[in-house]
Structures are given as C-alpha cells and as structure tokens.
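Observations on chain architecture
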Amino acid sequence: MTQPSPAPTPTAVSTQSVVEHLAEIVGERHVLSRQSELLVYNSDGLPGYRRQPRLAVFPGTREETIAVVRLLAAEGLPFVPRGAGTGLSGGALADDIVVVGLHRLKKIISLDVANRRAIVEPGVVNLRLNKHVASHGLLYAPDPSSEAACTIGGNIAENAGGPHCLKYGVTLNHVLALTVILPSGEIVELGSRIGERDGYDLRGAFIGSEGCFGLALDITVKLTPKPQTVRTLLADFMSVDQAAHVTSAIIASGIVPAALEFMDGPTIRVVEDSIYAAGYPRDAEAILLIELDGLEAGVAADLETVRRVCIDGGARNVKVARDDAERMKLWQGRKKAFGAMGRLAPHLIVQDAVIPRTRLPEVLATIHTISEKYGVVVCNVFHAGDGNLHPNIAYSADDPAESERVHKAMIEIMQACIEAGGSITGEHGVGLDKMGYMEAIFSANSLNAMCELRSVFDPERRSNPGKVVPIHACKEWHGVPGRRTRMDPRSPGEIHEPRPLEAEPPRPSAQ
Amino acid sequence: MSTEAVASAIRESAETGEPLRIAGRSTWLDAGRPVRANKTLSLRDDTGVVSYVPGDLTLTVRAGTSLSEIERVTREHDQWLPLDPYGLADGTIGATMATASAGPLASAFGLPRDLLLGLEFVNGRGDVVRGGGKVVKNVAGFDLSRLLTGSWGTLGVITEVTLRLYARPKADRSFVVVLSGSAKEQAAFLDAFLTAPFSPYAFELLSPSTARALGLGDKPVCLVRFGGNIAAVDAQAHALAQLARVEEVEPSKWQELRILERGSGCVIRLSGLPAQFRSASGFILDDPQSGIFTYINPIRGVLRLVESPQTEDELREDQDSELGISTDVPPDEIVVYETLPAEVWPEIAPSVVSDSLSRGIKRAYDPHNILNPGILGE
C-alpha cells in the first residue's frame, strides 16, 4: 500500500467568482445562487429530506458541460450531478455544494434502426426516447415509474429498473457504451458503440455508480423490437397472502411475464380516490397486474396458464384488458401510485428492498405486523415478480413524533428483508437514504473494494461526495480528505461530508 | 479448496511476490495467453452447490463447479442456466465468468454478465470481497460483479457465484436452412428472418467447412433454435418454413458446434454492428478458407474464426498469411483474440487494459501484480 499523502489544506474561493466563471460558460440565467431560487433543488423524489445546495449550474451543450466540469476540477470544488431529481434515495441532495443539472442536454444524437441502437444525451427523458423510436417498431425497455420525467442520465446513475425489467432486464442490460467526463475533466469511452469489446467492464462499473464516478456526456442504448402482442391481466384477491402465493406459482410455471406487479388494499383505495383511478376493485385486499408479451401464439397459451394459476390460487376475478386504452388505464394506476400517495400526507418514505421471491408471503405478513406495532399505514405496491418490495408510508416530516414512528417502522421492515436474504435496494440506489444499511449487507473488505473503485474514477472524491459507501468504511480514506476547495463559508467550519439523514438506521455488523 | 485457502495462498504470494496463474480445470480457456507465472492456483476442487432454491430461480455455486454439473443439478427441477460458451461443458463456472465466455444462446439470454447476480472473490492482497447479492435485482453499492466478469483473474480470484436460472422451455427445437443461393439471396433471407417476429434462442450462420464438420452438407447453412411454450415454437417453425426450405435437426448440433473449437490453436472473434455482418455474410461464408471454421451471429454482430485443429501444423508454418485475416478487418470492428499460439500473443494482440482507469483498478485490486500477470497483454 502506498502511504496516504498528507491532507491538502482546503483553500477557500469566493462563491461570487465561481458564479461569474460559470456564467461565462453557460450564460447568467443558467446559474442559480440565490437561496430562494435554489429551494427547488433542495430535495429529490423523497421530499422529507432536504439539503440546500450552494449554487446550481445548468449547461446546455456538451461543450458547456465539459467546461463546467473542468472549471470545478480546476477549483477543486465538489459537486452533485442531477438529472430530473426524481430519484428516491436522497442521492441528488447537495449539501452546500454545487449542483450540476443535466436536464438541458436533451438531444437524441442518432438513431440506428438497422442495428437497433440510439445515442442520446443524458438529459433525454426516458419516455421521450420511447416515443421517438416507437414509429420504428422499437422500444427502450427500462421503464421506471417516473419515466415521464426521469432522464436517461439519471437512469444510468441509479441503474434504474421498472415493471418490465422482470423480463427485459434493468438499465445495465440495455446500455452498450458511454462517453464519460471524469470529475478530473478527462473524457473516456466506456464500453463500445460498435461491438462487444474485451477488457474490464468499465461500462458495467459506471452504470449504477450514483453520480460518484463522473458524468455521462452521451449514452449508446440498445433498443428492443416491440413485441407482436401484449396482453394485460388484472387479478384481484381477498387476501395479501393469496396474491403472494400466486406470484410464486406464476414464476414456478416457467412463464416469464413482461411484468408482474402487486398492489395491496390500502394502495388500491388511495389510487382509486385519486385522479389516477384505474378501475381497480376497491374492496380487494390485493391485486396483481400481469403483463404477457411476445409472439401471438405463445402469449395466448401463457395467458390461459396464468389465468388458471390465478383462479386456482384464489383470485376472485381475472380480467383481461380488451384494448390498448384499457391496458393504459390499468397501468396508469400502478405507475402513478406514489404520486397518489400525496393525497394522504405531504411526505413519503419509500423502500426498495429485494427479497427472494419465495419469501414474499412471510415478509409481507411481517411488514403488516410491524405497521400495527408502530401505528402506521404501510402501502405495498411493488414488482412482485422480482421480489422487489416498495413498502411506503405517507407521513408528515414536520411532525417529529410521527416521523420517528415512521422511521422506526421502516428500519424494522428493512431488517426483516435483510434477514430474509435480500438486498437493501433493487433499483432506487443507496444514495444517502440507505447508506446506513450498507454495513449490514457488505463486509468491511467489500466496502473497501468499492471505495477503491471509486477512487480510481474520482481520486479527489468530489463527484457526489459522501454517498453510497459510508466514509468510515473506506480504509485508505481515514483522515485523508480528497482535494476539495470550499467556497467562502456560509458559516465558518471545516468542509464536511453530507450529514446523515434525520433518522440514521442502526449499523448491524456484517455476516 | 475453500475461500480461506485461496485467500491464504494469495496472501503468501503477496508476501513473496511469486505470481500465480489462476486456473479452473485448465480444460479450455487457457488460450495460450502469456501469463508470467510458474505457480498455478487451481480452483478445480472447489466445487459444489452452496444454495439452490428452485422457486427463486437462483443458484449459488462454488467457482470450480463445472457447467455440466450445473446442468445436471438444475435439470432435476426442470430449470437451466442458459449459458453455452464455446468449448467443453466440463469447464468451470468461475472460468466462464472470469473470461466472460459466451455461446450461441447469448443472443437470447445475454452475455455471462447478464446471468450473474453476485460473486465472491479474493483480491491480490488476500482480502475476501463480495459484490452483488443473491436476489434477482440489486443495485446496492458499486458493481463489483460486472467488474470481475471478463477480468481474466487479474483483479481477483472468483470463489463463488450466484446465477439467475430459467425454467426449461416446454419445447426446444432446432432447424437448419441451407443457404445455397447467391450472396444476394442469402442476404434477402437474413433480412426477412431478422425483421419478422421471430425470437430465436440461437441463430448462427455457418460456413461450408463448419457445416461439413457438423454433418450438415457442403453449403453455408443457418442453424436456428426456437424455445418456449409449444404454441410459440410451432408457430415459429411454421413461419420459418414459409421463408425457406428447412429441415429439423437434433439439438445436439449445438453441442457439436460448441466443441468444434476444442484443440484449436487459434480462435479470433470479430465484433461489430450487426447489420454490417448481415450484409457481408454471403461473402464471408463463401470465402473458401481451407482449415478455417467461420460462423456468424448476425443478431449480436459477432463472427468467430476458428483454425481447425487438424491443420494446426500447416497453419503454424504459415502463420503470417493465415493470421492475416486480422489485417483485413474494417477499422470499425473490434478484434478479440481468444486463442493464439503462445509465441504469437505478444506480437499481435494489443493490451486491452492499457487505459488509465483499467491500470488504476488493477493497481488497487492487485497491488503486487501477482494475479495472472500478462494475461491481458499488459
């Protein structure tokens, strides 16, 4: 091991001079530094967590982005890359540092129909890419529920999933190459636009790195032919347990549905009360939304199998959407479920644990017990086919007593999922929200290996500092801050890693 | 051999600086690469299932477990790991992941990295590290599983892997189409096939020499495999028969294709945009290179050139002209040397890890440079 170099002394630069330099690059109106203007950027999709950025800059072109990153590198300033801010892990929170917003980089650079690929800028909205390629009989498969707003760059950072990744795989499986600007300002090509290269899979390492490895300037994605046929079924149940067992039975039958989604009674009723009402039976305790796609003949056969499995498993009704309009309506209720929760309370906490599918019935029962213990209403709407749970609780972060009960319940739920052999996050990322659980699933050596990987991409640890891996887990980082400059202090004091979130979960030791 | 035994062997080497050649069963992936090591660390005895819950469609095995053993274990539950790298099925899963070796099924099920959920490895300091997990979807932490896949043992020794399984299809049928017409007719067939709603498990175009070796005649052929429920497979078989004259063949043809490369001294893989291979396939397949098997996967855009083992001596005598194929490659294709005569490696295969990120990762994970030094041309 090389000896760590002595910590450089942080130098201060004036915020005003940074703002001026950035404005020269992107234009004055694309740099925000007034606290009131920055309020919009003080949270992501989890509005209960807030951090105030120092300033925000929004480059409009690739060249401007490069110049911004290089300026920040020259000044040694830490920053947080941000797409649409729809993330659900606190990953885009910037605690008194610079936000680099990429939503203006929204060019679809090229579309190659014959080879089924497209090159896009990071700010392209997921659904817009899909609309763009639809007329060619193609689709971009990853479909996070925030698809109407979230960007491909953000999807890369989180390795986003979505209901259809059950069959089609997550973002990682659909990205061939990236041009990346490292936090140092160096530009590198990861993966290959033209084929399958050998060497280390740096593309794979970058996807899901939550903004800690740099920014993507362009992304080459793989497109998928639209299936010949799509059929969507809605099965409703009078018990959560029945629906959970039917989920396992469908998977066990050998069918890989395009999507297999679960919604429990409380969620159904919130959705049905909202503008996203999809016509779900309000008195049901659970519904499964099942989509089958592929070749006509094959889908017809699978449809019959799934229907039979549902009925045998106790479904009250199995309804098959008659046309696209009905399909879209059924899906809207599912995709907007988190939005509908806004009716209940101003803030929402959502988890993203993944458990082995066969443990679904018992873990759902445990979640119910925990919710009763703490007197909170847990809504369950999730990707059942993957075992990817999204227990969520609507609450008011302004009520300290309620907040405490909610966070305690969530910690216990997470522990139950970890004990079932699961992961703490399936698609939302660790960010700040789940960082406290990392030591429950990874050993010190594993966390250190992650720190080492990060240090190769960002030796100064300036890109999204303090996220994903707890700083104390990184052996070689002890007492060695990366080179950082602080802007003239809003309040005097040392540079700090982002503070932990309001409720920091306990740190059980790794197995 | 346990993880702890691997770790202590590596710690010992880290202290003495003695480099290690990392091997599975040393059956088919050694590839003649110039590893600068005299001592071998073999995982061949580190075998067995760690956990298998069929209902979860996930399997955790020790790295030395052979692909054929995985096949046997999963078949009992009517499941499978759709991973069929070229070579022998008694190769290990650890080596398959370390080398990211894929076969014809990759067009439908993805590359090895797409089937990997998590792994355990020992880095060059002897630290035991885990990446990923045991569930089918996971974004916790930076992706060490992907990083290790295809790293050829240079960043760590893989000791355990967790894989995604699939249910075995109810129907699994293979067909051959003889491409006897002109290059233009071949291209027309390919276009028709690839734009129609087929979803084959595998689809390879074989040169006449490859077809001959598989007992499929003297012309270039297209070998196609359909799997799924009976209705879907029947419908595709029927639709294929509308496009061309087809003949059903035993699924074992795929196995024969996989082992064709056994003993070959030279395997080169070209990868490029799929459309490029489609338009050039007629020309490539009809090119009468004696002693070379050629096959193209027009879905992935991959072409394999395999020196047939029986003519190895001849080829060695005339290496320059036979290997000259690499110089004809258009600049927008990627050339991957899979197997070469040992003495040829340093001359023609450039290092694929010479960029600063790759070098940085290597330094961090194997600071003493004891794991397979030289294997990636570095």
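Residues numbered from 1 in each chain as written. Chains lettered and ligands numbered in written order. Predicted model: local features only at pLDDT ≥ 70, side-chain atom pairs only at ≥ 80, totals over all residues.

1. Here we look at the overall build of chain B
A tally of helices and strands in chain B yields 15 helices and 17 strands. Relative to the 2.2 N^0.38 estimate, which gives 21 Å for 378 residues, the radius of gyration of chain B is 21 Å and therefore close to what a compact globule would have. Projected onto the principal axes, the alpha-carbon positions of chain B cover approximately 65 × 55 × 35 Å. By sequence separation, contacts in chain B at least 24 residues apart represent 71% of the contacts at least 6 residues apart. (Helix = DSSP H or I, 4+ residues; strand = E, 2+ residues; numbered from the N terminus. Rg over C-alpha atoms; globule rule 2.2 N^0.38 Å. Contact = placed C-beta atoms within 7 Å.)

2. What to know about unusual backbone geometry
Residues and elements named next belong to chain A. In this structure, Asp 96 is a non-glycine residue whose phi angle is positive, near 65 degrees. You can see Asp 96 is positioned in the loop between strand 4 (79-82) and strand 5 (98-101). Judged by C-beta crowding, with 18 C-beta atoms within 10 Å, Asp 96 ranks as partly exposed. The backbone phi angle of Asn 464 is positive, close to 45 degrees, even though this residue is not glycine. Mapped onto the elements, Asn 464 comes out in the loop between helix 16 (444-457) and strand 20 (486-487). (Buried ≥ 20, exposed ≤ 12 C-beta atoms within 10 Å, placed from the backbone.)

3. Observations concerning the nonpolar core
Membership of the largest hydrophobic core comes to 261 residues, with the highest contact counts inside it found for A:Val98, A:Ile287 and A:Leu288. Setting aside anything within four residues of it in sequence, one finds A:Ile287 in contact with A:Leu234, A:Ala235, A:Asp236, A:Met263, A:Ile268 and A:Tyr280. (Core = buried A, V, L, I, M, F, W, Y, C linked by C-beta atoms within 7 Å.)

4. Structural notes on the packing of helix 8 (residues 240-252) of chain A against helix 10 (residues 296-312) of chain A
Residues and elements named next belong to chain A. The interhelical angle for the contact between helix 8 and helix 10, taken along N-to-C directions, is 150 degrees, at an axis separation of 9 Å. Like other packed secondary-structure pairs, helix 8 and helix 10 cross with a definite hand, here right-handed. Contacts between helix 8 and helix 10 involve Val 246, Ala 249 and Ile 250 from the first element and Val 306, Val 309 and Cys 310 from the second. Of the residues belonging to the contact of helix 8 with helix 10, the class tally is 6 nonpolar, no polar and no charged. (Axes fitted to C-alpha atoms, helices over the stretch in contact; angles between N-to-C directions. Left-handed = near helix turned anticlockwise from the far one by under 90°. Nonpolar A, V, L, I, M, F, W, Y, C, P; charged D, E, K, R; others polar.)

5. Things to note about the pairing of strand 5 of chain A
All names here are of chain A. What you see with strand 5 is no split at all: Val 98 and Val 100 on one side and Val 99 and Gly 101 on the other are buried throughout. Bridge count for strand 3 (residues 55-57) against strand 5 is 3 bridges, and the pairing is parallel. Looking at strand 5, one finds that Val 57 is bridged to Val 100. Alignment of strand 4 against strand 5, held across 4 bridges, turns out to be parallel. Looking across to strand 5, one finds that Phe 79 is bridged to Val 98. (Pairing = 2+ DSSP bridges.)

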